[in-house]
Amino acid sequence: METKRVLRHLRGLFTPDPNEPWRTDRIEGAAVALQGGRIAWIGAERDLPSEWTGAEVIDGQGRWATPGFVDPHTHLVFGGDRSQEFNRRLHGVSYAQLAAEGGGIRETVRATRQATVEELVAVGEERLQKLTRKGVVHLEAKTGYGLELEAESRLLEAYAILKSQGWSLDVTLMPAHDLPQEFADHADEYIRLVADQWQPELVRRFPGVARFVDVFVEKGVFTVEQGRRIIESGKALGLTPRLHADEFVHTGGAELAAEVGAASADHLMFCSDEGMKAMAQAGVTPILLPGTTLFLGMRDFAPARRMIEAGCRVALASDFNPGSCACLDPLLILRLGCLQLRMTFEEAFTAMTLHAARSLGHDDLGHLHPGAQARIALWDVNHPLELVYWMGESYEPRMVK
Ligand code: NIG
Ligand code: FE
């Protein structure tokens, strides 16, 4: 029998309700009963069932308990950084212009190709430690800065090692993140190679490591047709699609995501009303990345309100990457969700926990109802809303597992 433990002396507990898309529970003076690494009971401390009264006590120190954050879109591992390029952007050069000059993603590809697996693991660990300190308990991480078979393979190997070390992550294959220099003007050829040879080979080398496949469908990158080809190849290998869609212009990426039954369509600053409806109907999670809009100095934040009204279960993510969002701070994303996407605190919090976890197929993460994994963040605040309200404060939660 696993030890019974009770988290007591909490100021309160705040959690999304897994039975209703946007309902949250807020219990003042709460207690949480834990057994076998899972939540067994939640409620007001005075109502704690007698079978738990003798259990080992974890002191909640008057804090607020919430589920830890889930980040469903990161480009966690890459070599180098792009701070010089960032400075050029501050001097007025656009992101698209840098990419057209052979910089942008391709700059990071050059640095990543030079990195050894050990170096990639080391940067991954450092970043995971930072995210963990800030309350992230699970995340998605993509390959896509190799853009050649061996470099993509090293990225995948680095993720396999990080997973074997116990880091909680889901891996996404993304060799179609950009067109590598060597294939300039030969996008179809590159797509054919990735779909027919590299993706099958990567899955063969690292069975079970990647769960998802992703592709950047965007004007000037890959077309809807090319995206479909990558997704079909991924699906045949047992991978579930996710999609970079409608980031700079409307290309029909959200519609494609609905058509192929993708788990998510991400970015969506220029998503159409038809795309929103299609996603709601097909159960595709729109994953919005407001840190990217901010970091790129754009004004067109994704239409979160309209998506919620259309019936979508919106999630929020960091999009952590060296070019369009160098941000390892979940609280910044939560704050932008409220302040720029005009989500309520309850919606933004649900989007960073429950809906983020669901988009990765984890029903037992992102909430604290019985059956959920015990990955609890304890915040030193008077009320969870303070996490957004005290806008510049860098809260670090105590974690209970
Ligand atoms: O999600 N949009 C495509 N990929 C990344 C950007 C990658 C980069 O600039 O390095 C994104 O924003
Ligand atoms: Fe991305």
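With that settled, the discussion passes to the overall build of the protein chain. Counting secondary structure elements, the protein chain contains 15 helices and 17 strands. Since a compact globule built from 401 residues should have a radius of gyration of about 21 Å, the 21 Å found for the protein chain is in line with a globular shape. Every one of the 401 residues in the protein chain was classed for burial, and the buried ones make up 60%. Contacts spanning at least 24 positions in sequence make up 71% of the contacts within the protein chain whose residues lie at least 6 apart. Here the protein chain has roughly 15,900 Å² of accessible surface; of this, 48% comes from carbon and sulfur atoms. Here the protein chain contributes 42 positively and 55 negatively charged side chains, and the mean placements of these two sets differ by 3 Å.

A large share of strand S9 (residues 136–142) lies buried, amounting to seven of its seven residues. Pairing of strand S8 (residues 69–71) with S9, which is carried by three bridges, proceeds in the parallel orientation. When the sheet's bridge partners are listed, Phe69 is paired in S9 with Val136. Relative to strand S10 (residues 169–176), S9 is paired through four bridges, and the arrangement is parallel. Residue Lys142 lies in a different strand from S10, and its bridge partner there is Thr172.

Around the iron ion (ligand 2), the protein contributes the donor atoms His73 (NE2), His75 (NE2), His244 (NE2) and Asp319 (OD), which lie 2.1 to 2.3 Å from the metal centre. Binding-site remark: the iron ion (ligand 2) is held by donors from one chain whose sequence spacing is H-x1-H-x168-H-x74-D. Of this pair, His73 sits in the loop between S8 and helix H1 (83–90) while Asp319 sits in the loop between strand S15 (315–316) and helix H12 (330–339), and the two are 246 residues apart along the sequence. Classification of His73 as buried rests on a relative accessible area of 0%.

As assigned here, the protein chain comprises domain 1 (4–68 + 366–400) and domain 2 (69–359). Distance from the C-alpha centre of domain 1 to the C-alpha centre of domain 2: 31 Å. Contacts between domain 1 and domain 2 engage 26 residues on the former and 29 residues on the latter. Interface area, domain 1 with domain 2, both sides summed: about 2,300 Å², of which 70% is carbon and sulfur. Three residues, Trp22, Gly68 and Val388, lead the burial of domain 1 against domain 2; their summed loss comes to 29% of the area buried on that side. Where domain 1 packs against domain 2, one counts zero salt bridges. Connecting domain 1 to domain 2 are nine residue pairs in polar contact (both at pLDDT 80 or more). For the side of domain 1 that touches domain 2, the secondary structure elements donating two or more residues are strand S2 (12–16), strand S7 (64–67) and helix H15 (386–389).

This next bit is on the pattern of salt bridges. Here the structure, examined in full by the defined rule, presents 23 salt bridges. Between Lys142 and Asp214 there is a salt bridge, with its nearest N and O atoms 2.8 Å apart. Of this pair, Lys142 sits in strand S9 while Asp214 sits in strand S11 (residues 210–217); the two residues are 72 residues apart in sequence, bridging distant segments of the chain. Take Lys142: its relative accessible area is 0%, and that puts it in the buried class. Connected via shared salt-bridge partners are Glu140, Lys142, Asp214 and Arg242.

Spatial ordering of the open sheet is given by S3-S2-S7-S16-S17, a layout of five strands whose pairing is mixed. Each end of this open sheet is capped by a strand with a single partner; those strands are strand S3 (24–28) and strand S17 (398–400). Adjacent strand axes in the sheet meet at a mean angle of 25 degrees, parallel and antiparallel pairs treated alike. In this sheet, strand S16 (residues 376–379) lies alongside S7 in antiparallel orientation, the contact comprising four bridges. Counterpart to Thr66 in the pairing with S16 is Ala377.

Quick look at the site of ligand 1 now. Taken together, 15 residues are adjacent to ligand 1, and Arg82, Tyr95, Tyr145, His177 and Ser324 come closest. A distance of 2.4 Å is found between an oxygen atom of ligand 1 and a side-chain nitrogen or oxygen belonging to Tyr95. Here His244 contributes a side-chain N or O atom positioned 3.0 Å from an oxygen atom of ligand 1. Within the complex, the protein chains bury 100% of what would otherwise be the 330 Å² of accessible surface of ligand 1. Taken together, the residues that form the shell around ligand 1 break down as four nonpolar, eight polar and three charged.

The rules behind each value
- Residues numbered from 1 in each chain as written.
- Chains lettered and ligands numbered in written order.
- Predicted model: local features only at pLDDT ≥ 70, side-chain atom pairs only at ≥ 80, totals over all residues.
- Heavy atoms only, no water.
- Helix = DSSP H or I, 4+ residues; strand = E, 2+ residues; numbered from the N terminus.
- Rg over C-alpha atoms; globule rule 2.2 N^0.38 Å.
- Buried < 20%, exposed > 50% of the residue type's maximum accessible area, 1.4 Å probe, protein only.
- Contact = heavy atoms within 4.5 Å.
- Areas by Shrake-Rupley, 256 points an atom, 1.4 Å probe, with all protein chains shown as cover.
- Lys, Arg positive; Asp, Glu negative; His and termini not counted.
- Charge placed at Lys NZ, Arg CZ, Asp CG, Glu CD.
- Pairing = 2+ DSSP bridges.
- Donors = N, O, S within 2.8 Å, 3.2 Å for Na, K, Ca; no water.
- Domains from an automatic or database assignment.
- Buried area = accessible area lost by both parts, 1.4 Å probe.
- Salt bridge = Lys/Arg side-chain N within 4 Å of Asp/Glu carboxyl O.
- Polar contact = N/O pair within 3.5 Å; in protein donor to acceptor, adjacent residues only side chain to side chain.
- Axes fitted to C-alpha atoms, helices over the stretch in contact; angles between N-to-C directions.
- Near = heavy atom within 4 Å.
- Nonpolar A, V, L, I, M, F, W, Y, C, P; charged D, E, K, R; others polar.

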